[in-house]
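Structure at a glance
These are the residues of each chain, in order.
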Amino acid sequence: MPSGNIASASELLQRYAAGEREFEEVRLSSANLQGAILHGIDLSEAMLGNADLSRADLRGADLSWADLSGANLQGADLRGAILTRADLSRANLTRANLRKADLSLANLTGSQLSEAIMPDGQLHDATEVEEHPPDEPAPELPKLKLYHQPLSVNSRRVWIALLEKQIPFELVALNLDGDQFAEDFLAVSPFHHIPALVDDGFSVIESLAILDYLEAKYPMPSLLPKDAKALATMRMVELVTANELLPAMTPLIRQMMGFIELEAQTRDRSVGQIGKILSFLEEKLGKSPYFGGERLTLADIVAGTAVIWLPGLGVSLDEYPALKHWSEALMQRQSWQQTQPTPEQIEGFKTQMRDLMAKADHS
Ligand SMILES: N[C@@H](CCC(=O)N[C@@H](CS)C(=O)NCC(=O)O)C(=O)O
């Protein structure tokens, strides 16, 4: 079913991320869709005049009859896109890839096509771009590499952000049974921690730094609120999760995994501290669907990969109805479902850690 009345770039990107492809009545003149990943989208008749679509991935998109006059399509990937009767007058198509695109009856008056790769495989006004034979497969996009462990909450937040932002990436799973000390991994992550991200030879460690890097490099769809208070709330939630909630949960996680027996007093202390943090989070969430307001942000990803474990650790969310509803809704998202560790992975990790602990006791 086509979605009507899309009036903001973020709404379009959110709905696209949720799997919708057909959109009607899109009015996004002058919108910022720089670097947006929208392949296969149906935007026929969309109003995108003066929009910034530079470096956008619009492979196979239907843009027939769309108003793209004055749009910035510099470096956009428009391979196989349908641009029949589209208004591309004054559009900047410098370095855009239009291979196999259908430009029949499109209005290209006054558009800039310098170094654009045209539908027939010819370079229009080419200067230094290498010409590929028409049937040669398109060069692969450089892929990010995420080193992770499926049960790691710190890794999962990065994994989910990559999925939500629709960034192509490759997962490299570590067992953490000693493989994190391998020389080639230490070259990436000198403190032998996952997650670690490698982007074209550039390594980033520390999950929150990785999230910031992804946001800066791939700003669309945005996972950062714009408003000052929402931004501060987002950072508070991220840091309170990392610095308060996860340390308070650690003894309960160790007990759940069967690594330790917890004394009642230690358990009560952990549960009391978690309660304090949950009250704080409940208050910050308020009546909004997400911590940053109407849209998913990094706060939801960071807190939402930790809080969802609490019922399984014996900490009920019943006293925190907003958080309970929020966490249940997050678990319905494809990105949470796709990254949820399987019971077999959890059992496998428990056995592996018990073996490692037994080995350490005997050495
Ligand atoms: N502050 C770091 C924490 C990373 C961390 O503690 N990772 C754990 C797994 S969740 C790890 O790599 N453990 C294996 C090791 O340190 O050898 C982050 O947020 O990325």
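Below you will find a few notes about this structure. On a predicted model such as this, the values are computed, not experimentally measured, just so you know.

**Here's the deal with the overall build of the chain**
A tally of helices and strands in the chain yields 10 helices and 6 strands. Burial analysis of the chain (363 residues in total) assigns 37% to the buried set. Across the chain, every contact between residues at least 6 apart in sequence was considered, and the portion connecting residues at least 24 apart equals 37%.

**Points about the nonpolar core**
Counting 85 residues, the largest nonpolar core has Leu28, Leu63 and Ala161 as the members making the most contacts within it. Looking at which element gives the most residues to this core, the answer is helix 5 (residues 228-256), with 6 residues. When near neighbours in sequence (up to four residues on either side) are disregarded, Ala161 contacts Leu211, Leu214, Leu223, Leu298 and Ile301.

**So, the sheet that holds strand 6 (residues 202-205)**
Taken together, the 4 strands give an open sheet; going across it, the order is 4-3-5-6, and neighbouring strands pair in mixed fashion. Sheet topology places strand 4 (169-173) and strand 6 at the edges, where each strand pairs with a single neighbour. Within the sheet, the average angular offset between the axes of one strand and its neighbour, ignoring direction, is 20°. Both strand 5 (residues 196-199) and strand 6 contribute to a ladder of 4 bridges, which runs antiparallel. Bridging across to strand 6, Ala196 finds its partner in Ile205. Sitting on the sheet, helix 2 (residues 153-164) touches strand 3 (144-148), strand 4 and strand 5, and the angle it makes with strand 3 is about 150°.

**Concerning the packing of helix 6 (residues 264-285) against helix 8 (residues 321-332)**
Two elements in contact, helix 6 and helix 8, have axes separated by 8 Å at closest approach and are oriented at 75°. Compared by their axis directions, helix 6 and helix 8 come out roughly perpendicular. Between helix 6, through Leu278, Leu281, Glu282 and Leu285, and helix 8, the contact on the second element is made entirely by Ala322, Leu323 and Trp326. The class makeup of the residues in the contact of helix 6 with helix 8 is 6 nonpolar, no polar and 1 charged.

**Thoughts on the site of the ligand**
Within the structure, the ligand sits among Ser152, Asn154, Leu176, Gln180, His192, His193, Ile194, Pro195, Glu206 and Ser207. Of the residues belonging to the shell around the ligand, the class tally is 3 nonpolar, 6 polar and 1 charged.

**Considerations on helix 5**
With 29 residues, helix 5 ought to run about 42 Å at 1.5 Å a step, and its terminal C-alpha atoms sit 39 Å apart, in line with that. The largest bend in helix 5 is about 40°, located at Thr241. Inspection of helix 5 places Ala230, Thr233, Met234, Val237, Glu238, Thr241, Leu245, Met249 and Leu252 among the buried residues, and these make up the whole buried set. Contacts from the buried residues of helix 5 go to helix 4 (207-217), helix 6 and helix 7 (298-304). Where helix 5 ends, the next residue or the one after it, Gly258, has phi of about 85°, a positive value.

**Focus on unusual backbone geometry**
Both trends apply: most residues other than glycine have a negative phi, and most peptide bonds are in trans. Note that the residue after Ile194, namely Pro195, is joined by a cis bond; omega there is 0°. Relative to the elements of secondary structure, Pro195 occurs in the loop between helix 3 (183-188) and strand 5. Each neighbour pair has its own omega, and for Met220 with Pro221 the value is -10°, a cis peptide bond. Tracing the chain through its elements places Pro221 in the loop between helix 4 and helix 5. Of note in the backbone geometry, Asn50 takes a positive phi value of approximately 65° without being a glycine.

**Looking at the environment of Glu215**
Positionally, Glu215 belongs in helix 4. Judged by C-beta crowding, with 17 C-beta atoms within 10 Å, Glu215 ranks as partly exposed. Contact partners of Glu215, with chain neighbours within four places excluded, come to Leu223 and Leu224.

**A few points about helix 4**
An α-helical turn contains 3.6 residues, so a residue and the one three or four places further along point in the same direction. Every buried residue of helix 4 is listed here: Ser207, Ile210, Leu211 and Leu214. Across the axial projection of helix 4, the buried residues extend over an arc of 100°, all falling on one side. In helix 4, those exposed residues whose orientation departs by more than 90 degrees from the buried face are Ala209 and Ala216. Lining the buried residues of helix 4 we find helix 2, strand 5, strand 6 and helix 7.

**Here we look at the environment of Leu163**
Looking at the element boundaries, Leu163 is found in helix 2. Since 18 C-beta atoms lie within 10 Å of it, Leu163 is described here as partly exposed. With 60 residues separating them in the primary sequence, Leu163 and Leu103 have C-alpha atoms 32 Å apart. Leaving out residues up to four positions away in the same chain, Leu163 has contacts with Ser335 and Gln338.

**Digging into the pairing of strand 4**
Where strand 3 lies against strand 4, 5 bridges are found, and the strand directions are parallel. Looking at the pairing, Leu144 lines up with Phe169 of strand 4. Running through helix 2, the crossover from strand 3 to the neighbouring parallel element strand 4 is right-handed.

**Topic: the packing of helix 5 against helix 6**
Helix 6 packs onto helix 5 with a crossing angle of 160° between their chain directions and a minimal axis gap of 9 Å. Between helix 5 and helix 6, the interaxial angle falls into the category roughly antiparallel. Helix 5 and helix 6 meet at a crossing whose hand is left-handed. Of helix 6, the residues touching helix 5 (which contributes Thr233, Met236, Val237, Val240, Glu244, Leu245, Ala248, Met249, Pro251 and Leu252) are Thr266, Ser270, Gln273, Ile274, Ile277, Phe280, Leu281 and Lys284. For the contact of helix 5 with helix 6, the residue count by class is 12 nonpolar, 4 polar and 2 charged.

What counts, and at which threshold
- Residues numbered from 1 in each chain as written.
- Predicted model: local features only at pLDDT ≥ 70, side-chain atom pairs only at ≥ 80, totals over all residues.
- Helix = DSSP H or I, 4+ residues; strand = E, 2+ residues; numbered from the N terminus.
- Buried ≥ 20, exposed ≤ 12 C-beta atoms within 10 Å, placed from the backbone.
- Contact = placed C-beta atoms within 7 Å.
- Core = buried A, V, L, I, M, F, W, Y, C linked by C-beta atoms within 7 Å.
- Pairing = 2+ DSSP bridges.
- Axes fitted to C-alpha atoms, helices over the stretch in contact; angles between N-to-C directions.
- Parallel < 35°, antiparallel > 145°, perpendicular 65-115°, else oblique.
- Nonpolar A, V, L, I, M, F, W, Y, C, P; charged D, E, K, R; others polar.
- Near = placed C-beta within 6 Å.
- Expected span 1.5 Å × (residues − 1).
- Bend = angle between axes of the 7 residues up to and from the residue.
- Arc of directions from axis to C-beta.
- Right-handed = clockwise from strand over helix to strand, strands pointing away.
- Left-handed = near helix turned anticlockwise from the far one by under 90°.

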